[in-house]
Amino acid sequence: MNSKLEWNVKHYDVIVIGGGLLGCFAARNLARYDLKVALLEKREDLCTGISKANTAIIYSGCDTKPGTMKASMCVCASQGFAELCEELGARYSPCGSLMVCFGERGAGVLRKKLKDGIENGVRGMRLLSREETLELEPNLAENVHSGLYVPDTGTVMPWELCLAAAENAAENGVEFFLNTEVTDIGCNGQATIVSGRPEDGACPTPYAMGEGERRRDGTESERGFAAATEPGYLISTNNGAFSARAIVNCAGLDADRLLEMRFEPVVRIAPTAGDYLVLDTKAAGFISHVIFHEPEEKGKGLTLVPTVDGNILLGPTERDFADSNRQRAMDSGRRTKEKGLSGDGLATREYGYETEHEGMELLRSLAAEIVPMLSLDHVIRSFGAVRPNPFLTRCDNNGEWVLDDRSVSDFCVVESGKPGSGAGLFISLIGVKTPGLTCANELGKHVADKIAANLNSGALNPGFQPRRLSSARLSDLSFDERAAQVGINPDCADIVCRCRGVSKGEIECAIQRFPGAVARDGVRRRTGAGSGRCQGSFCGQRVGELIESAKKEEGGCHAGQIAAENAGQHTGQCAGQPAGSPLQLNTGRKEESYDVVVIGGGPSGMAAALGAAKSSGTCHGESKSHSAGNGAGNSGLRVLLIERDIRLGGILNQCTHKGFGLTYFGEELTGQEYAKRFVVRVESSEIEVLTSTMVLDISDGGILTISGKKTGLARIRAKALVLASGCRERPIGSLPVAGTRPDGIYAAGAAQKMINLGGYDLGDRFVILGSGDVGMIVARELATRGKEVVAVLEKEGKCGGLERNRVNCLEKYGIPLITRSTVSKVHGIGRISGITLSHNGLPAPDYIECDTLITSVGLIPERELLDRFGEALPDWLFLCGNACFIHDVVDDVTEESERSGRFAAEYAKSGELSVDSGELGTEHGELRSYVSYSASDRNPVQASENLSISTQNLATLHTPHKTEGCEAARQPALICTACPKGCSVWQTEDGWQGLLCGRGAPG
Ligand SMILES: Cc1cc2nc3c(=O)[nH]c(=O)nc-3n(C[C@H](O)[C@H](O)[C@H](O)COP(=O)(O)OP(=O)(O)OC[C@H]3O[C@@H](n4cnc5c(N)ncnc54)[C@H](O)[C@@H]3O)c2cc1C
């Protein structure tokens, strides 16, 4: 080969194109042979195509046509899946499946599946009567007709499996090149380099073509300065050139195009889409098998999957693409009989994996029919999938290759490149749909065996290690195993993702080990961080920062480089874990005992801890005084305050705006100032404080498992416990918002934290969804920073937050509040580019361009730590603050929480509840809470003593006050914005009217 070409070409026996499930398993199976193998993936990470969005089912093979490749591979794969997952250290749930029907037509389908399954060799299938079906799945609708039970069905986490295969391939010497997009494929024997000479300096990407082929501009190629001599292929990419004796084309949705770079079309992909909904782990246990619903009418039934993470997955639907994606995909960059390449070149397609409204609605209505008791309030996320439907092609009269009507129902494995013709074997897996996940390893084996037989007579790699050196998820370990891991790597005690309990150590490991995560999605796929019920609004920032700091430490090294450098050298150990070090048992510090433990160091937790420390044993009828006010604890009790953040203060730390403390302190403070007053009191008391510490579990008898930097993993005991863990923000995924899920979408509280505490610049043109208080305050913060806030959208007829916030945050800054409107669709691939705004009742939706969407669509009390106790809390457990119910103002939280703390202290002293029955209210929720009184019972006079209210605190309402018979009916009504009550006031001869807060007249 010419030395100039040699300069730039990396040589391999086999190149695998595409890092999805099929590519990674092909690579792993090729590693069994004595071959030099590389995998090229155009994206920054593996498993980002079809493989990232599917139903996660390991099929038994009862619903594939007997005699097909699919059937034999599927049966073989499912029966060996537990073993495969064991080898790769990936989770597998052999839950079995239940196919159910609601009438005679469906029953006929079930009988046919049973027959096919038996013919295919599926084990243990049984037809069930209605009663037997309901016995297995009692939450199915009563009118279920019958079922087909299949024990060999299971579920996996597709990302985990794909990455495990890749990791094992790398451990066995396969080299991975990420960010490496194949742009052309030429034949070595005849290849010609027609551009990008090395001596030109910049020449990174030689463009290879076969001699005599046409360029994209129609001119014919000439023989260039360099030609490869070995039979095989020259592969041009944006990351240099590669040569290979054989190619495995696993390019997913682009596999047909990749084939057409070199050969005539055989099969083309006509993609369709599907929608899924994901339910929170709160719904875990609602079903215990994969449930396939066979509809009575034509159409697709519902599939329900209990995932290995404990979520329930609903879907998929089947629909055409709503936009021009499909046509574009089919028309552009195709090879024609006469002209070779046509259209806009063979650039690969980008799909947004978007959802559609109709699809999500269909899933909801099917669920209501089939599992009527399933609460869809548990939906935390929706996602879209793309199906690569393969169709045969034919050449029409104009010499154009067009789709034939015939789709390919079996796996489509296209072998091109005849051995001995100068081109090596080129195997394409095109349009591999369900059960491609199940059969990925079988297909990989099939391809690898073929290639090895062709290239090296099947000579094996003697060092092949099938077992991956996996690192288990900490949350799956026992206390002792987990403590041992913490002993080795203390960062495993630092919990970053609170919903899934994922530690800093695990995240760093996911970034550093190969193939490392380079973005938050990658961390989510590897560790689960950000996939829980808050969908990353709590941990997203920190995960991003961990990725950034890892990049800095690497000196900005390219992901492709890391992959190549680490290949074959990976030890499989977690970050910080010395290679080969034995697991040392470290069960944390001695089990400490406390009288009162308070979980949460926000305003409610600090007030509760101060209330407990101060308790003098008189909770009954105590007059309201700022008992927490003087700091030092004098109850003689041992009180511990635990906070997961690095500092006390909770959400108030990010609140740089004023509006706090009006009723409690009688003066207006910023959130930070308000928090500071309590932090000082806690610090000057005898309350013990543990920050950067997360409570993982509360068990009977008041035993808490905690995990933190100082303590490691430990257990402590509490006589009384106050849960003051605050609330979380409802994620956008829980709303019926269709479209893509690009970057640039933040929950309002998370955005506020990033802006005010992290100094982040989140974007330039914002839309705020929801007129909750935090959303409006963020809108103002953005406006004061010179950002464009296009609109605040509110689905109800009026502002959702406090009136004073509407006036002070929106009206004063000219930010439009558009009521009866919502975001119905998000647009953008990569970064959000706009939203579709739909107005209630109006058919024509509008499009708003924006680069950032802030959602302020509701707060949810965070008290999942109590789930195990059901609705009857034990006597030693107390609940306060936003963890109990969402409060409008912090002053109320403080007062109520002080009392909760005092009640807890009383209980710790006496072992009995000593509260008046009237105070055991349930008015704010199903859980019994020791909230002493609601905000409306409060005597406001005392709090108003030091208030100076002036007319500056009055704002004009848009609409005049409509009180009939009142003089004010003719006046514009005014809103008092002096305090959170936001009274609507008007002046009469007798003075100011409408003051609800009792503070007296403004002005
Ligand atoms: C809706 C749906 C549900 C499914 N459910 C199940 C199920 O429950 N069970 C089951 O067994 N199977 C299921 N499947 C099938 C399974 O998900 C697929 O068969 C499998 O994921 C296909 O993997 P892949 O590697 O071919 O594709 P992909 O994951 O898309 O990988 C292709 C890769 O190639 C890369 N690439 C593309 N072009 C280039 C280029 N020019 N250069 C370099 N790289 C390139 C892409 O970036 C991508 O990473 C489902 C499929 C769908 C669509």
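This text gives an overview of the structure that appears in the document.

The rules behind these values
- Residues numbered from 1 in each chain as written.
- Predicted model: local features only at pLDDT ≥ 70, side-chain atom pairs only at ≥ 80, totals over all residues.
- Heavy atoms only, no water.
- Near = heavy atom within 4 Å.
- Polar contact = N/O pair within 3.5 Å; in protein donor to acceptor, adjacent residues only side chain to side chain.
- Areas by Shrake-Rupley, 256 points an atom, 1.4 Å probe, with all protein chains shown as cover.
- Helix = DSSP H or I, 4+ residues; strand = E, 2+ residues; numbered from the N terminus.
- Nonpolar A, V, L, I, M, F, W, Y, C, P; charged D, E, K, R; others polar.
- Buried < 20%, exposed > 50% of the residue type's maximum accessible area, 1.4 Å probe, protein only.
- Contact = heavy atoms within 4.5 Å.
- Pairing = 2+ DSSP bridges.
- Axes fitted to C-alpha atoms, helices over the stretch in contact; angles between N-to-C directions.
- Left-handed = near helix turned anticlockwise from the far one by under 90°.

### A word on the site of the ligand
Reasoning step 1: Neighbouring the ligand are 40 residues, the closest being Glu41, Ser51, Ile57, Val432 and Thr438.
Reasoning step 2: The backbone of leucine 22 places a nitrogen or oxygen atom 3.1 Å from an oxygen atom of the ligand.
Reasoning step 3: Between the ligand and glycine 436 there is a distance of 3.3 Å, counted from a nitrogen atom to a backbone nitrogen or oxygen.
Reasoning step 4: About the coverage of the ligand: the protein hides 98% of its 1,000 Å² of free accessible area.
Reasoning step 5: Taken together, the elements giving at least two residues each to the shell around the ligand come down to α2 (21-30), β21 (379-395) and α11 (436-456).
Reasoning step 6: Taken together, the residues of the shell around the ligand break down into 18 nonpolar, 15 polar and seven charged.

### A few points about helix α13 (residues 504-512)
Reasoning step 1: Among the nine residues that make up α13, eight are buried, leaving the element largely enclosed by the rest of the structure.
Reasoning step 2: Buried residues belonging to α13 abut β25 (495-497), β26 (502-503), α14 (520-527) and α15 (540-553).

### Looking at the sheet that holds β21
Reasoning step 1: One open sheet holds the nine strands; their spatial order is β6-β7-β5-β16-β17-β18-β15-β21-β22, and the pairing between them is mixed. Strand pairing shows two members of the sheet lacking a second neighbour, β6 (126-128) and β22 (401-407), which therefore form its edges. Averaged over neighbouring strand pairs, the angle between their axes works out to 30° when direction is ignored.
Reasoning step 2: Here β21 runs beside β22; their pairing, made up of four bridges, is antiparallel.

### Focus on the pairing of strand β17 (residues 303-306)
Reasoning step 1: Of the two faces of β17, the one carrying Thr303 and Val305 and the one carrying Leu304 and Pro306 are both buried.
Reasoning step 2: One ladder, built from three bridges, connects β17 with strand β18 (residues 312-314); its direction is antiparallel. Residue pairing for β18: leucine 304 is matched across the bridge by leucine 314.
Reasoning step 3: Two successive antiparallel strands, β17 and β18, enclose a turn made up of five residues, where glycine 310 displays a positive phi of approximately 95°.

### Some thoughts on the packing of helix α19 (residues 748-756) against helix α20 (residues 773-784)
Reasoning step 1: Where α19 contacts α20, the two axes come as close as 9 Å, and the packing angle between them is 30°. Our pair here, α19 against α20, has a crossing hand that is left-handed. Between α19 and α20, the contacting residues are Ala748, Gly749, Gln752, Ile755 and Asn756 on the first element and Val774, Gly775, Ile777, Val778, Glu781 and Leu782 on the second.
Reasoning step 2: In terms of residue class, the contact of α19 with α20 is built from six nonpolar, four polar and one charged.

### Examining unusual backbone geometry
Reasoning step 1: The omega torsion across glycine 315 and proline 316 is 0°, close enough to zero to call that bond cis.
Reasoning step 2: Within the fold, proline 316 resides in the loop between β18 and α9 (325-331).
Reasoning step 3: Proline 435 follows threonine 434 through a cis peptide bond whose omega is 5°.
Reasoning step 4: By the element assignment, proline 435 lies in the loop between β24 (426-429) and α11.
Reasoning step 5: Even without glycine at this site, cysteine 47 takes up a positive phi of about 55°.
Reasoning step 6: Of note in the backbone geometry, glutamine 535 takes a positive phi value of approximately 55° without being a glycine.
Reasoning step 7: Here glutamine 535 is to be found in the loop between α14 and α15.
Reasoning step 8: Glutamine 535 sits in the partly exposed class, given a relative accessible area of 24%.

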